[in-house]
Amino acid sequence: MKMLAFHDGGPGPWILFVPLVWAAALAAVFSVVRRVRGGRLGPAARGLRPAAAGRSGHDEHSPIAVIGRRFASGEIDEEEYWRRMSVLEE
């Protein structure tokens, strides 16, 4: 075993294994945290375009833009916003 850990009196290539294990552990923790918080992120964090842009460019009167403005002003909550958006996207 001493032959694997030390090479010519110094640490061998196995010394690089420890940082790789720590990097993998941190990546796993961050992945779990992102998946747990995934349900609470807004549309921009989920990779969706802003609702104000609408489907056909910058039409201020499109249904998606209206729902986006109502959500931004607080008239409807997030659950209502996503329910209505899913109906419009179908």
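Relevant structure appears above.
We now turn to the structure provided with this report. Per chain, the residues get numbers from 1 upward, laid out in the order the sequence is written. Side-chain atom pairs in this predicted model are given and counted only at pLDDT of 80 or more, local residue features only at pLDDT of at least 70, and totals for whole chains, interfaces and linings cover all residues. The basis for the side-chain values is all heavy atoms of the structure; hydrogens and waters are excluded.

What follows concerns the overall build of the protein. Where helices and strands are cited, they refer to DSSP runs of H or I of at least four residues and of E of at least two residues respectively, numbered from the N terminus. Summing up its helical and strand segments, the protein has four helices and two strands in all. When its helices and strands are written in sequence order, the protein yields α-β-β-α-α-α. Note on exposure labels: buried denotes an accessible area under 20% of the residue type's maximum, exposed denotes more than 50%, and partly exposed covers the range between, all computed with a 1.4 Å probe on protein chains only. A total of 90 residues make up the protein; the buried ones form 14% of that total. The contact definition used throughout considers only heavy atoms, calling two residues in contact when any of these lie within 4.5 Å. Counted over contacts in the protein with a minimum sequence separation of 6, partners at least 24 positions apart contribute 26%. Roughly 7500 Å² of accessible area belongs to the protein as shown, and the carbon and sulfur atoms make up 65% of that amount. Only the protein chains shown count as cover for residues, with accessible areas throughout obtained via the Shrake-Rupley method and a probe of 1.4 Å.

For helices, the axis comes from a line fit to the C-alpha atoms of the stretch in contact; other axes are also lines fit to C-alpha atoms, and the angle between any two N-to-C directions lies between 0 and 180 degrees. For the pair helix α3 (residues 63-73) and helix α4 (residues 78-89), interaxial distance at closest approach is 10 Å and the crossing angle is 175°. With respect to α4, the element α3 is oriented roughly antiparallel. Taken together, the residues of α4 that come into contact with α3 (itself represented by Pro63, Ile64, Ile67, Gly68, Arg70 and Phe71) are Glu78, Tyr81, Arg84, Met85 and Leu88. Only Asp, Glu, Lys and Arg are considered charged in this grouping, and only Ala, Val, Leu, Ile, Met, Phe, Trp, Tyr, Cys and Pro are considered nonpolar; every other residue, Gly among them, is considered polar. When grouped by side-chain class, the residues that make up the contact of α3 with α4 number seven nonpolar, one polar and three charged. An angle below 35 degrees is treated as roughly parallel, one above 145 as roughly antiparallel, one from 65 to 115 as roughly perpendicular, and anything else as oblique.

Joining through side-chain atoms within 4.5 Å is the link that ties buried Ala, Val, Leu, Ile, Met, Phe, Trp, Tyr and Cys residues into a set, and such a set is a nonpolar core. In this structure, Ile64, Ile67, Ile76, Tyr81 and Met85 together form the largest nonpolar core, which totals five residues. Elements that contribute at least two residues to this core include exactly α3 and α4.

So, about a nonpolar patch on the surface. There is a patch of nonpolar side chains on the surface, built from Trp14, Phe17 and Val21 and spanning about 330 Å² of accessible area. Along the chain, Phe17 turns up in helix α2 (residues 17-37). The patches reported here contain residues having more than 30% relative accessible area and no salt bridge. Joining distances are 9 Å for like charges and 5 Å for nonpolar side chains (Val, Leu, Ile, Met, Phe, Trp, Tyr). When a carboxyl oxygen of Asp or Glu lies within 4 Å of a side-chain nitrogen of Lys or Arg, that pair is called a salt bridge.

Of the residues making up α3, those classed as buried are Ile64, Ala65, Ile67 and Gly68. The buried residues of α3 occupy an angular sector of 160° when projected down its axis, which confines them to one face. On its buried face, α3 is in contact with α4. Trailing α3 by a residue or two, Gly74 shows a phi angle of about 95°, which is positive. What the arc describes is the spread of directions from the helix axis to the C-beta atoms.

Mapped onto the secondary structure, Glu80 falls in helix α4. Residue Glu80 is classed as buried on the basis of its relative accessible area, which comes to 16%. Polar contact criterion, stated in full: a pair of N or O atoms within 3.5 Å, where within protein one must be able to donate a hydrogen and the other to accept it, and residues adjacent in sequence count only if both atoms are side-chain atoms. One polar contact links Glu80 to Arg83, side chain to side chain, over a distance of 2.8 Å.

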